[in-house]
Protein chains: 2
Amino acid sequence: MNKLLIVGTVAFDAIETPFGKTDKILGGAGTYIGLSASHFNLQSAIVSVVGDDFPQEYLDLLTARNIDISGLEVVKGGKTFFWSGKYHNDLNSRDTLATELNVLADFQPKVPQNFKNADVVMLGNLHPMVQSSVLDQMEVKPKLVVLDTMNFWMDCALEDLLNVIKRVDVITINDEEARQLSGEYSLVKAAAKIHTMGPKYVVIKKGEHGALIFHDKEVFFAPALPLEEVFDPTGAGDTFAGGFAGFITQSENISFENMKTAIIHGSNLASFCVEKFGTERMLKLSKEEVVARLKQFKSLTQFEIAL
Amino acid sequence: MNKLLIVGTVAFDAIETPFGKTDKILGGAGTYIGLSASHFNLQSAIVSVVGDDFPQEYLDLLTARNIDISGLEVVKGGKTFFWSGKYHNDLNSRDTLATELNVLADFQPKVPQNFKNADVVMLGNLHPMVQSSVLDQMEVKPKLVVLDTMNFWMDCALEDLLNVIKRVDVITINDEEARQLSGEYSLVKAAAKIHTMGPKYVVIKKGEHGALIFHDKEVFFAPALPLEEVFDPTGAGDTFAGGFAGFITQSENISFENMKTAIIHGSNLASFCVEKFGTERMLKLSKEEVVARLKQFKSLTQFEIAL
């Protein structure tokens, strides 16, 4: 089985949407990526950090999905990273109510020896120095490195971010972040500029409006599945990235054609994530549900045309 | 050849975008629909009205595309409908600067005898009473009636609008209008509610974010082609509707599968419309360009997945 190395936060989230609010629940980019990638036939490991306030029950949820957590450091006496946010009525924007870095502030990632030859590395949203440090520890050059990031690092650690972006094959960011990073409003121009920063593949996530992947002059679009109700968008972008990286790892094929299929898998998994609060839907997602919805994606997008 | 009957404004537009502004140029929903539909193998006619200030040269542009203008009334001493608008920087919203109804105020549509048995009727955005009057004049029930409308009629002629909506097979409206008409925020729920108002097919246009077509429990999505630069969105929705109706007319097939292909044709033609001011790009569009871009739509959306 091929190996996927994931770095990303494992955290407590407190979420408020127009449909309700939660106490501190399981969250974090690394968590969503791991749960999403666990739908593929692969070995995965999460490199992250939590405090000893993090419940064993949450760790068990990860190992139950065959995720290796030997690189998930538990800091004695430390407190787990906590994020709290409130979504606006349209669910397209949110206010951050609290960000308590806690053990994340001094996090030094340690890649398990067994994953220093991982086939694919998925660098979830974290300080770009942490992302770089993970790449520095690889003993075999990965077949594909995927990086997710956000505007926060563009604002406060741009140089570090540009340094790690240089080293990756695929970047996944949202439309506003692509505009900020490139200084271009047109997403076509933004992607072209981001190509010149290093990544051969630029994935632009547009939330409910789907996702684009650019490669040289080629572009592919995966829609988001139209849903009756979006309940909580938290983790959707990470779930998308996890599905993308997971499928690539399983298929061991980094052609652009295969990446098209990979972002369909990512969109498919993300469409479940938003149906319940936090990780609830992802934790109970069956293989049958995943396959049934992939069929919906086919009928949503495939057409016949005589040329 | 099958027949397409188009009703819609033929007008003067004055447009301002971040890229420049125009004097009074050729515009109107009927014009854009007609130019777009002229890319298919069909007979078309426009039912509309202009004043005698409308240049012969503009009429010649329509007849040069084989559009029958015997139902395009020229009112002696009358002034042509005039619309002026200014787009905001993101081109997603606009302010209307002027709307001078002029000859449109008392418009009584007259369907040419030769088109009272049209196969497809495309009711472009106009007062719903005008749209109804065109349907009243048909002597043979059309195979398909498509209606486009806008929020303006929901605000000031809702009852008339609901009466004509009952009589059509397909409605095309934008996302905000679908929300207003249905009172539902979710587009899936909005489409379901609009189905109950009459139309078996609900097309929701999302501008740069593509278009959805709903039919019972089925849904299909056509993306907008990612463009380097959008120059002027005026007429894009009408061009989309004209491509949809034109392809259906040519193919004489009103299955949902064929409608999928039809909205791809609509999106394809609309992608050209926005590249220049007004009708400029549509007037010089070659068959080769249309086919080349349809190929781009295929590679933009088609993928392989093993299920």
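Check the entry above for the structure.
Everything in this summary refers to the structure shown in the same document. For clarity, every value in this text was computed on a predicted model and none was experimentally measured.

Residue position: Q302 of chain A is located in the segment after α11 (287-301). A distance of 2.8 Å separates polar atoms of two side chains, one belonging to Q302 of chain A and the other to T301 of chain A. Non-local contacts of Q302 of chain A, meaning those with residues more than four positions away in its chain, are made with F220, K260, T301, Q302 and F303 of chain B.

At the interface, 35 residues of chain A touch 35 residues of chain B. The junction of chain A with chain B conceals about 3400 Å² of combined surface from both sides, 62% of it contributed by carbon and sulfur atoms. On the chain A side of the contact with chain B, F303, I305 and L307 of chain A bury the most area, a combined 19% of that side's loss. The tally of links from chain A across to chain B stands at two salt bridges. Note that K189 of chain B and E229 of chain A form a salt bridge whose closest N and O atoms lie 2.6 Å from each other.

Residue and element names in this part refer to chain A. Within this model, the second largest pocket holds a volume of roughly 610 Å³. Contributing to the lining of the second largest pocket are 27 residues, with H39, F40, Q250, H265 and K287 lying nearest its centre. Those elements that provide at least two residues to the lining of the second largest pocket are β5 (43-51), α8 (236-251), α9 (256-273) and α11. It is α9 that contributes the most residues to the lining of the second largest pocket, six residues altogether. Of the residues that constitute the lining of the second largest pocket, the class distribution is eleven nonpolar, twelve polar and four charged.

Procedures and definitions
Residues numbered from 1 in each chain as written. Chains lettered and ligands numbered in written order. Predicted model: local features only at pLDDT ≥ 70, side-chain atom pairs only at ≥ 80, totals over all residues. Heavy atoms only, no water. Helix = DSSP H or I, 4+ residues; strand = E, 2+ residues; numbered from the N terminus. Polar contact = N/O pair within 3.5 Å; in protein donor to acceptor, adjacent residues only side chain to side chain. Contact = heavy atoms within 4.5 Å. Buried area = accessible area lost by both parts, 1.4 Å probe. Salt bridge = Lys/Arg side-chain N within 4 Å of Asp/Glu carboxyl O. 1 Å grid on protein atoms, 1.4 Å probe; cavity = no way out; pocket = protein on both sides within 12 Å on 5 of 7 lines; lining within 4 Å. Points joined across faces, edges and corners; volume = space filled by probe spheres on them. Nonpolar A, V, L, I, M, F, W, Y, C, P; charged D, E, K, R; others polar.

In short, shape yes, function no, at least from these values alone.
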